[in-house]
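Residue-level structural notes
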Amino acid sequence: MSVKIAVLPGDGIGIEIVDEALKVLDVLNKHFGLDAHWEKAGIGGAGYDESGDPYPEATQKLVHACDAVLLGAVGGPKWESLAKPLRPEAGLLRIREDLGLFANYRPSKVQRQLLDASTLKPEVIEGVDILVVRELVSGIYFGKPRGIEERDGERYGFNTMGYRESEIRRIARKAFEAARLRSNRVCSVEKANVLDVSELWRSVVIELHKEEFSDVELSHMYVDNAAMQLIRNPRQFDVIVTGNLFGDILSDEASMLTGSIGMLPSASIGEKFAMYEPIHGSAPDIAGQDKANPLATILSVAMMLRFSLDRVDLADLLERAVEQTLDAGVRTVDLAFNGEASVSCSGMGDAVCKQLLAISEA
Ligand code: IPM
Ligand code: MG
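The text that follows walks through the structure, step by step, so that each part is easy to find. In this text the structure is predicted, and so the values were computed from the model without any measurement.

Cut-offs and rules
Residues numbered from 1 in each chain as written. Chains lettered and ligands numbered in written order. Predicted model: local features only at pLDDT ≥ 70, side-chain atom pairs only at ≥ 80, totals over all residues. Heavy atoms only, no water. Pairing = 2+ DSSP bridges. Helix = DSSP H or I, 4+ residues; strand = E, 2+ residues; numbered from the N terminus. Axes fitted to C-alpha atoms, helices over the stretch in contact; angles between N-to-C directions. Contact = heavy atoms within 4.5 Å. Phe/Tyr/Trp six-rings, centres within 6.5 Å; stacked < 30°, edge-to-face > 60°. Buried < 20%, exposed > 50% of the residue type's maximum accessible area, 1.4 Å probe, protein only. Lys NZ or Arg CZ within 6 Å of the ring centre and 35° of its normal. Parallel < 35°, antiparallel > 145°, perpendicular 65-115°, else oblique. Left-handed = near helix turned anticlockwise from the far one by under 90°. Nonpolar A, V, L, I, M, F, W, Y, C, P; charged D, E, K, R; others polar. Core = buried A, V, L, I, M, F, W, Y, C linked by side-chain atoms within 4.5 Å. Domains from an automatic or database assignment. Near = heavy atom within 4 Å. Polar contact = N/O pair within 3.5 Å; in protein donor to acceptor, adjacent residues only side chain to side chain. Areas by Shrake-Rupley, 256 points an atom, 1.4 Å probe, with all protein chains shown as cover.

1. Things to note about the sheet that holds strand E11 (residues 265-269)
- Read from one edge to the other, the open sheet built from 10 strands follows the order E2-E1-E3-E12-E11-E4-E5-E10-E8-E9, with strand pairing classed as mixed. A single partner strand is all that each edge strand has here, and the edge strands are strand E2 (36-40) and strand E9 (217-222). Averaged over all pairs of adjacent strands, the angle between their axes in this sheet comes to 25°, without regard to strand direction.
- With 6 bridges joining them, strand E8 (residues 185-190) and E9 adopt parallel strand pairing. When the bridges of E9 are listed, serine 188 appears paired with histidine 220.
- Packing against the sheet, helix H3 (residues 57-64) makes contact with strand E1 (3-10), E2 and strand E3 (68-73), and its axis sits at approximately 150° to E1.

2. Some details on the packing of aromatic side chains
- Under the counting rule described, the total for this entry stands at 4 aromatic pairs.
- Between the aromatic rings of tyrosine 163 and tryptophan 201, the centroid separation amounts to 5.2 Å while the plane-to-plane angle is 70°, which identifies the pairing as edge-to-face. Here tyrosine 163, found in the loop between strand E7 (154-158) and helix H6 (165-180), pairs with tryptophan 201, found in helix H7 (residues 196-212); they are 38 residues apart in sequence, far enough to count as distant.
- Since its relative accessible area comes to 3%, tryptophan 201 is described here as buried.
- Centre to centre, the rings of phenylalanine 176 and phenylalanine 213 are 4.9 Å apart; their planes meet at 20°, and the pair counts as stacked. In this pair, phenylalanine 176 is assigned in helix H6 and phenylalanine 213 in the loop between H7 and E9, connecting sequence segments 37 residues apart.
- Positioned above the aromatic ring of phenylalanine 158 is the side chain of arginine 151, whose terminal nitrogen or guanidinium carbon lies 5.0 Å from the ring centre.
- Seen from the ring of phenylalanine 102, arginine 170 lies directly overhead, with NZ or CZ sitting 4.2 Å from the centre.

3. Remarks on the packing of helix H1 (residues 14-31) against helix H10 (residues 295-307)
- Relative orientation of the contacting elements H1 and H10 amounts to 45°, with a least axis distance of 8 Å. Here H10 runs oblique to H1, going by the angle between their axes. Note on packing geometry: the crossing formed by H1 with H10 is right-handed. Contacts between H1 and H10 involve Ile17, Val18, Glu20, Ala21, Val24, Leu25 and Leu28 from the former and Thr297, Ile298, Val301 and Leu305 from the latter.
- Residue composition of the contact of H1 with H10, grouped by class: 9 nonpolar, 1 polar and 1 charged.

4. Topic: the nonpolar core
- Counting 73 residues, the largest nonpolar core has Leu28, Tyr105, Tyr276, Leu295, Leu305, Leu318 and Leu356 as its most contacted members.
- The dominant element in this core, judged by the number of residues it contributes, is H10, at 8 residues.
- Both domains that meet at this core, namely domain 1 (1-107 + 261-362) and domain 2 (119-258), each give it at least three residues.
- When sequence neighbours within four positions are dropped, the list of residues in contact with leucine 305 reads Leu28, Leu34, Asp310, Arg311, Val312, Leu314, Ala315 and Leu318.
- Formed by 18 residues, the second largest nonpolar core is a distinct cluster that contains Leu115, Val132, Cys187 and Ala254.

5. Considerations on unusual backbone geometry
- Each neighbour pair has its own omega, and for lysine 144 with proline 145 the value is 5°, a cis peptide bond.
- Within the secondary structure layout, proline 145 lies in the loop between strand E5 (129-135) and strand E6 (147-151).
- In the Ramachandran plot, alanine 283 falls in the positive-phi region, its phi being about 40° despite a non-glycine side chain.
- Alanine 283 gets classed as partly exposed once you look at its relative accessible area, which sits at 23%.
- Backbone geometry places aspartate 290, a non-glycine residue, at a positive phi of 55°.
- With respect to the helices and strands, the residue aspartate 290 is situated in the loop between strand E12 (274-278) and H10.
- Using a relative accessible area of 30% as the deciding quantity, one classes aspartate 290 as partly exposed.

6. Digging into the site of ligand 1
- Around ligand 1, the neighbouring residues are Glu89, Leu92, Arg96, Arg106, Arg134, Tyr141 and Asp248.
- One nitrogen or oxygen atom from the side chain of arginine 96 is found 2.7 Å from an oxygen atom belonging to ligand 1.
- Aspartate 248 is positioned with one of its side-chain polar atoms (N or O) 2.9 Å from an oxygen atom of ligand 1.
- For ligand 1, whose unbound accessible area comes to 320 Å², protein coverage reaches 76%.
- The element best represented in the shell around ligand 1 is helix H4 (residues 88-98), accounting for 3 residues.

7. What about the pairing of E1?
- Along E1, 7 of the 8 residues are buried, which leaves the element largely enclosed by surrounding structure.
- Two elements, E1 and E2, share 5 bridges in a ladder whose sense is parallel. The partner of lysine 4 across the bridge, within E2, is histidine 37.

8. Regarding the packing of helix H8 (residues 223-232) against helix H9 (residues 244-257)
- Look at H8 against H9: their axes get within 10 Å of each other, and the N-to-C directions meet at 10°. Between H8 and H9, the interaxial angle falls into the category roughly parallel. Here Val223, Ala226, Ala227, Leu230 and Ile231 of H8 come into contact with H9, specifically with Phe246, Leu250, Glu253, Ala254 and Leu257.
- Within the contact of H8 with H9, the residues separate by chemical class into 9 nonpolar, no polar and 1 charged.

Distances and angles like these do not, on their own, reveal function.
Given below as structure tokens:
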């Protein structure tokens with residue numbers, strides 16, 4: 001079956017890491033019976049530069065007509081002084097909202113070959129396998145009212161954190177369903193000791209659990225404690241379900257347990273659409289130098305094969321090829337430690353392709 005992918009490289013290293021992911025897709029097309037086609041379009045700063053809009057109309061049209069979206073990263077100093085709605089980040093928030101991508105899956109799995117790349121002790125992080133399920137299209141990121149205005153002779157800035165019962169239910173459901181395919185444990189993270197929105201969050205999660213998911217082990221944690229527990233004893237977590245802002249923060253924290261944020265893919269899924277992207281940003285400081293680690297984007301392709309393209313076989317294969325590449329000692333600079341030699345971004349992409357070809361010939 002032929003599938004069409006919207007490819008949105010975005011800004012900074014987004015461009016080079018997406019190129020490596022496309023190399024991998026090429027190999028899957030040529031040697032493994034995938035029939036994927038893609039078309040590129042602008043998003044973020046690249047979107048703004050070509051059309052004055054960080055989520056251009058042409059891009060909107062394209063993503064609505066595709067089976068899945070692959071995104072690189074957005075942002076950079078060049079666009080920082082623009083008005084907020086024109087900044088690259090606004091484009092990212094709009095595509096998430098437009099496609100209704102409410103469930104953001106961010107796995108943090110420690111690869112045994114990279115145990116020493118973490119700033120934490122190997123015995124603390126060995127075996128860590130966490131999935132953060134972050135609500136992505138509501139909460140304080142989108143709540144109204146919001147703004148900066150004059151109050152009592154000074155400026156006042158404000159946002160609103162709100163969740164509808166139905167929004168809490170649908171994300172909690174995704175977390176429980178994901179847990180059933182893993183270690184069957186969900187930890188719901190909020191701040192119910194202070195925030196009303198969190199009090200509702202906790203009671204809705206408890207209700208849904210009782211009604212439909214009582215086989216899953218459920219715990220609750222305040223976000224400050226969760227931030228601490230992730231460092232103290234990360235192995236206690238399986239699935240963490242949380243709102244948009246807390247999920248933004250905790251998923252960055254969880255990613256660093258694994259040693260490199262450059263390793264971690266993500267999937268953002270709604271009722272009709274799905275988008276796949278590395279969880280790291282556009283890293284303007286190393287952009288264009290062929291130094292970035294493309295593995296998070298390549299592993300995002302694996303998530304796409306699994307969740308959108310109905311090719312679990314190829315997802316498994318690609319994940320295995322990445323693992324074997326690491327086993328063979330291939331490292332980009334972010335993964336190299338103790339004076340190990342490193343390869344470039346394209347060198348890493350080539351190494352994964354080579355590994356895939358070796359598997360196809362075996
Ligand atoms: C992320 C990023 C985005 C977010 C930014 C770039 C808007 O940090 O995907 O985690 O805050 O959601
Ligand atoms: Mg973030």
